[in-house]
Amino acid sequence: MKIIIHGGFFSESSTNHETKVAKQQALLRIVKDSYDYMKTHSAVETVVFATSLLEDDELFNAGIGSQIQSDGKIRMSASLMDSTTMKMSGVINIEEVKNPIQVAEVLMTVDDRILSGEGATDFARKHGFDKFSTEIPQRRKEYEAKLASTGTGTVGCVALDNEGRIAVATSTGGKGFEIVGRVSDSATVAGNYCNEFCGVSLTGVGEDIVSGAVAAKIVTRVTDGFSLEQAFEKTFAELKPFDGFAGAIAIDKNGNIFHQDSHPSMVFASFDGEKEEVFN
């Protein structure tokens, strides 16, 4: 069993040491709790569990603590993919839901598996997801002061369970102040993708990640025989001509864990039952 999670990017210039330590501690706690959870649950159930914990922590820009868009509202996106069924489900620009990834999980059971806007929100209400404000005072202050966001906040998880199944989940609160209707990478195969060979979750600037088709490219290259490291190297090299801003986490079918970012520094943590790693 292996698991790795990410929580967006850490900027030394805009985040203090106290926040950095808090994120390190939170990521290590969540990755270890999720590893323990996977002992009795599948990879799909585990990535939903881990991503929900990340959505519930206001240190990260997903779920609680999501960014506010240009019209003063919060809209979130999330997706889930299962390597066993090759099904992907997701929500785009869903509003007033505590855990968007859990709505994506329910969507796995229906035919129309990716919903956006009012349709996503209506589906959530009809399936027992109560109205919930994910706004925190800090985000409102940022919005009212018209502070520009870096747009690099997303959370995600890749898990390999004890039966060799891979699953991925990604969730975001957006980049802040975006045009209403903007679609991030998090609910697309560019930002969240897996098959039986590999799983990848992305964070960064959504437009760059979509332009680079990053997650899908990495998974396809591993499927075609590249090592995980080789697949990352080639795919990230293809971001350089347009200075693409991205960070990715991955696990392959052999249990190899890999992560890379194009700009410093993605926050992440991984655990395999013995060895832990966290960003520094």
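About the thresholds
- Residues numbered from 1 in each chain as written.
- Predicted model: local features only at pLDDT ≥ 70, side-chain atom pairs only at ≥ 80, totals over all residues.
- Heavy atoms only, no water.
- Pairing = 2+ DSSP bridges.
- Helix = DSSP H or I, 4+ residues; strand = E, 2+ residues; numbered from the N terminus.
- Axes fitted to C-alpha atoms, helices over the stretch in contact; angles between N-to-C directions.
- Polar contact = N/O pair within 3.5 Å; in protein donor to acceptor, adjacent residues only side chain to side chain.
- Contact = heavy atoms within 4.5 Å.
- Phe/Tyr/Trp six-rings, centres within 6.5 Å; stacked < 30°, edge-to-face > 60°.
- Buried < 20%, exposed > 50% of the residue type's maximum accessible area, 1.4 Å probe, protein only.

Per an unreviewed UniProt entry, the recorded name for the chain is Isoaspartyl peptidase/L-asparaginase, and the organism is Flavobacterium macrobrachii.

This brings us to the sheet that holds strand β7 (residues 192-194). Strands sit in the order β7-β8-β9-β10 across an open sheet of four strands; the sheet is antiparallel. Lying at the two open borders of the sheet, with one neighbouring strand each, are β7 and β10 (257-261). In this sheet, neighbouring strand axes are inclined to one another by 10 degrees on average, regardless of whether the strands run parallel or antiparallel. As defined by bridge partners, β7 adjoins strand β8 (residues 198-204) across three bridges and the pair is classed as antiparallel.

So, on to the side chain of N192. With respect to the helices and strands, N192 occurs in strand β7. Separated by 3.0 Å, the side chains of N192 and S79 make a polar contact. Filtering out sequence-adjacent residues up to four positions away, N192 remains in contact with S79, L80, M81, M88, V168, A169, T170, S186, V200, S201 and A215.

On to the packing of aromatic side chains, then. What the rule picks out here adds up to six aromatic pairs. Between Y35 and F271, the ring centres sit 5.1 Å apart and the planes meet at 80 degrees, which makes this aromatic pair edge-to-face. Placement of the pair is Y35 in helix α1 (residues 17-38) and F271 in strand β11 (residues 266-271), with a sequence separation of 236 residues. In this structure, Y35 and F271 share a single accessibility class: buried.

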